[in-house]
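Reading the structure
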Amino acid sequence: MKLGIVGLPNVGKSTLFNALTGNAAESANYPFCTIDPNVGVVTVPDTRLDWLTELYQPKKHTPAVIEFVDIAGLVRGASKGEGLGNKFLENIRRTDAIVHVVRCFDDENIIHVEGGTDPLRDIEIVDLELIMADLEMTARRAEKARKAGKGGDKTALHEAELFEGLTAHLDAGKPARSFLADCGDDDRATLENADLLTTKPVIYACNLDEDGFSAGGNDYFRQVQALAEREGSQVLPVCARFEEEMLSLSPEDRELFMEELGMREGGLDRLIACSYSLLGLISFLTCGPDECRAWTIRKGTKAPKAAGKIHSDIERGFIRAEIVAFEDLKRCGTMAVAKEKGLLRSEGKDYVMQDGDVTYFRFNV
């Protein structure tokens, strides 16, 4: 999973990226200090995998990972190449979801490119640049499909109508993801494969100052919260400065620091949970003396397709999946006891994988 961290310059984007990934991206009080996207890979915390590793003592422990890409601040006109726009729009295109960092605090010592704090205006600027970039693409797709349909090709003509409808929707300042909500499965699949920026799901990371975060939010945060609710996005309150401070602390001191702030989890753990929820992701687990590993799949994935995450040969030669729910295994203590109690199940090709399934695939190629 690859998440692109975007936002206007000087909203705390690179500070948050550094805190989340432990990388040293340049973070300074001027626009465009992040020119090339910085990339950080973090492991997904999973206590279930930790427990299996403790039980099996394998040669290898492999958690799921998330790749964060810190993309330089967008400005007005980015879709027309303003600032460093075109390059960064392309960087966003290669991500699965967007983490949009929004400044939700006042500080006269930190320059704001638009002159002052207004999170809804900032969101609108970034959204508009993404919409403008999509408009160019949908207009080209509509024209191409219309030409292909001149001979009466119904599929091409339908595609032309679909992209013309989306072009009108974008032209009204609305993102493609709200157009998709009213599409049938086939049309949705066509648009999702069109590589559009505004079909990507969004998490608004509201960067609060210390007082705002400690108070559980402020008026700026509540404005973004209301917007996210209207459009079906996720919203996450963070304090990039707190996250940065915690980076230098020992695990024990970090725990005390979080306790004082009333935080049960750090920003990274909360962002990962938010990402999994937004993208509809779950994890299944494999275990043994060689390796214990977490595999990320979409909710609703059937057993053979999940097997394909491990290797295409396992999907091709799938026979059955032997599965025990993690909680059942944990209660039993060992796989042998789970098997004795009849909790180890044999599932076929139509089985829909569940979060926390501890799985062994039988196959023959």
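These numbers were taken from a predicted model, which means no experiment stands behind them. (Residues numbered from 1 in each chain as written. Predicted model: local features only at pLDDT ≥ 70, side-chain atom pairs only at ≥ 80, totals over all residues. Heavy atoms only, no water.)

Regarding the overall build of the protein
Heads up, the condition is: For helices the rule is a DSSP run of H or I covering at least 4 residues; for strands it is a run of E covering at least 2, with both sets numbered from the N terminus onward. The rule is simple: take the accessible area with a 1.4 Å probe, protein chains only, and divide by the maximum for that residue type; under 20% is buried, over 50% is exposed, in between is partly exposed. Any pair of residues with heavy atoms lying within 4.5 Å of one another is described as a contacting pair. With residues, only the protein chains shown are counted as cover, and all accessible areas are computed by Shrake-Rupley using a 1.4 Å probe. Note that His is not counted, nor are the chain ends; the positive residues are Lys and Arg, and the negative ones are Asp and Glu. To locate a charge, take atom NZ for lysine, CZ for arginine, CG for aspartate or CD for glutamate.
Within the protein, the secondary structure is distributed over 16 helices and twelve strands. The dimensions of the protein, computed from C-alpha atoms along their principal axes, are 70 × 65 × 35 Å. In the protein, which comprises 365 residues, the proportion classed as buried is 49%. Of the contacts formed within the protein by residues at least 6 apart in sequence, a portion of 68% connects residues at least 24 apart. Only carbon and sulfur atoms are counted for the fraction: they give 48% of the accessible area of the protein, which is about 18100 Å². Of the charged side chains in the protein, 44 are positive and 61 negative; the average position of the first set lies 8 Å away from that of the second.

Quick notes on the side chain of R48
The topology assignment puts R48 in helix α2 (residues 47–56). Apart from the residues lying within four places of it in its own chain, the contact partners of R48 are S283, L285, F326, D355 and G356.

Things to note about the pairing of strand β1 (residues 2–6)
The following threshold applies: In this analysis, strands are considered paired if DSSP registers two or more bridges between them.
Burial within β1 is extensive, with four of its five residues counted as buried. Both β1 and strand β4 (residues 65–70) contribute to a ladder of four bridges, which runs parallel. Bridging from a neighbouring strand, K2 pairs with E67 of β4. Bridge count between β1 and strand β5 (residues 97–103): four bridges; the pairing is parallel. Bridge assignment links L3 to a residue of β5, and that residue is A97.

Looking at a nonpolar patch on the surface
What counts, and what does not: In this scheme, patches are assembled from residues that exceed 30% relative accessible area and form no salt bridge. Like charges are connected within 9 Å, while nonpolar side chains (Val, Leu, Ile, Met, Phe, Trp, Tyr) are connected within 5 Å. By definition here, a salt bridge exists when the distance from a side-chain nitrogen of Lys or Arg to a carboxyl oxygen of Asp or Glu is within 4 Å.
A cluster of nonpolar side chains, contributed by V39, V41 and V65, occupies part of the molecular surface with about 240 Å² of accessible area. Mapping V39 onto the fold places it in strand β2 (residues 38–43). Judged by its relative accessible area of 43%, V39 falls in the partly exposed class.

Re the layout of surface pockets
The following threshold applies: Grid points spaced at 1 Å over the protein atoms alone were grouped into cavities, where a 1.4 Å probe fits but cannot get out, and pockets, open sets with protein on both sides within 12 Å along at least five of seven lines, with lining residues defined by an atom within 4 Å of a point. Grid points are joined across faces, edges and corners, and a volume is the space filled by probe spheres set on the points. Amino acid classes used here: Ala, Val, Leu, Ile, Met, Phe, Trp, Tyr, Cys and Pro are nonpolar; Asp, Glu, Lys and Arg are charged; the rest, including Gly, are polar.
Each pocket or cavity is described by its volume, and for the largest pocket that value is around 900 Å³. Lining of the largest pocket is provided by 32 residues; of these, R177, T199, K200, P201 and V202 occupy positions nearest its centre. Residue assignment for the lining of the largest pocket shows that the elements contributing at least two residues are α4 (119–148), α6 (176–180), α7 (185–192), α9 (219–231) and α12 (267–279). Its residues assigned to classes, the lining of the largest pocket shows 13 nonpolar, six polar and 13 charged.

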